Amino acid sequence: AAGATFTALGKGTGERKVMACDFFLGYRQVDLQAHEILYQVTIPFSQKFEYVKEYKQSPRREDDIAIVNAGMRVRMEQNAEGIWVVAEAA
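Definitions and cut-offs
Residues numbered from 1 in each chain as written. Predicted model: local features only at pLDDT ≥ 70, side-chain atom pairs only at ≥ 80, totals over all residues. Heavy atoms only, no water. Helix = DSSP H or I, 4+ residues; strand = E, 2+ residues; numbered from the N terminus. Contact = heavy atoms within 4.5 Å. Salt bridge = Lys/Arg side-chain N within 4 Å of Asp/Glu carboxyl O. Pairing = 2+ DSSP bridges. Axes fitted to C-alpha atoms, helices over the stretch in contact; angles between N-to-C directions. Patch = residues over 30% accessible without salt bridge, like charges linked within 9 Å, V, L, I, M, F, W, Y side chains within 5 Å. Areas by Shrake-Rupley, 256 points an atom, 1.4 Å probe, with all protein chains shown as cover.

1. Digging into the environment of Gly-10
When you line up the elements, Gly-10 lands in strand β1 (residues 5–10). Spatially, the C-alpha atoms of Gly-10 and Ile-37 are 6.5 Å apart, while their sequence positions differ by 27 residues. Gly-10 has contacts with His-35 and Glu-36, leaving out every residue within four places of it along the chain.

2. Examining the pattern of salt bridges
Charged atoms that come close allow side chains of opposite charge to pair. Applying the stated criterion across every chain yields a total of six salt bridges. With a closest N to O distance of 3.2 Å, Arg-16 and Asp-31 form a salt bridge. Here Arg-16 is found in strand β2 (residues 14–19), whereas its partner Asp-31 is found in the loop between β4 (29–30) and β5 (36–42), with 15 residues between them in sequence. Close ionic contact of Glu-88 with Arg-75 constitutes a salt bridge, the shortest N to O distance being 3.6 Å. Of this pair, Glu-88 sits in strand β8 (residues 84–89) while Arg-75 sits in strand β7 (residues 70–78), and the two are 13 residues apart along the sequence.

3. As for the sheet that holds β5
In space, the three strands of this open sheet follow the order β2-β1-β5, with antiparallel pairing throughout. Either end of the sheet is taken by a strand with one partner, and the two such strands are β2 and β5. With strand direction ignored, the average angle separating the axes of adjacent strands in the sheet is 30°. Looking at chain direction, β1 and β5 are connected through six bridges and run antiparallel. Counterpart to Thr-5 in the pairing with β5 is Thr-42.

4. Comments concerning a nonpolar patch on the surface
A grouping of Leu-38, Val-41 and Ile-43 is seen on the molecular surface, where their side chains present a nonpolar patch of about 260 Å² in accessible area. Within the secondary structure, Ile-43 is located in the loop between β5 and β6 (50–55).

Structure below.
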């Protein structure tokens with residue numbers, strides 16, 4: 001949602017960048033090869049009038065699987081009439 005990029009690092013293959021939206025493949029499945037580790041997570045700075053928020057449904061003691069249940073990004077802008085509207089949402 002926030003345009004994050006994950007960097008995988010593997011011996012002999014170097015760095016490989018994967019967009020966060022493509023990294024998680026399914027339940028407990030990620031886009032890492034057997035010889036790779038997750039080396040870096042890059043989250044771009046938000047811009048003016050852009051808001052990023054994450055939500056978790058329950059604390060770890062009740063549900064030890066979910067890290068983030070929802071993540072979203074909204075960018076607002078003023079239209080010609082000066083009214084704030086959602087310009088982009090992801």
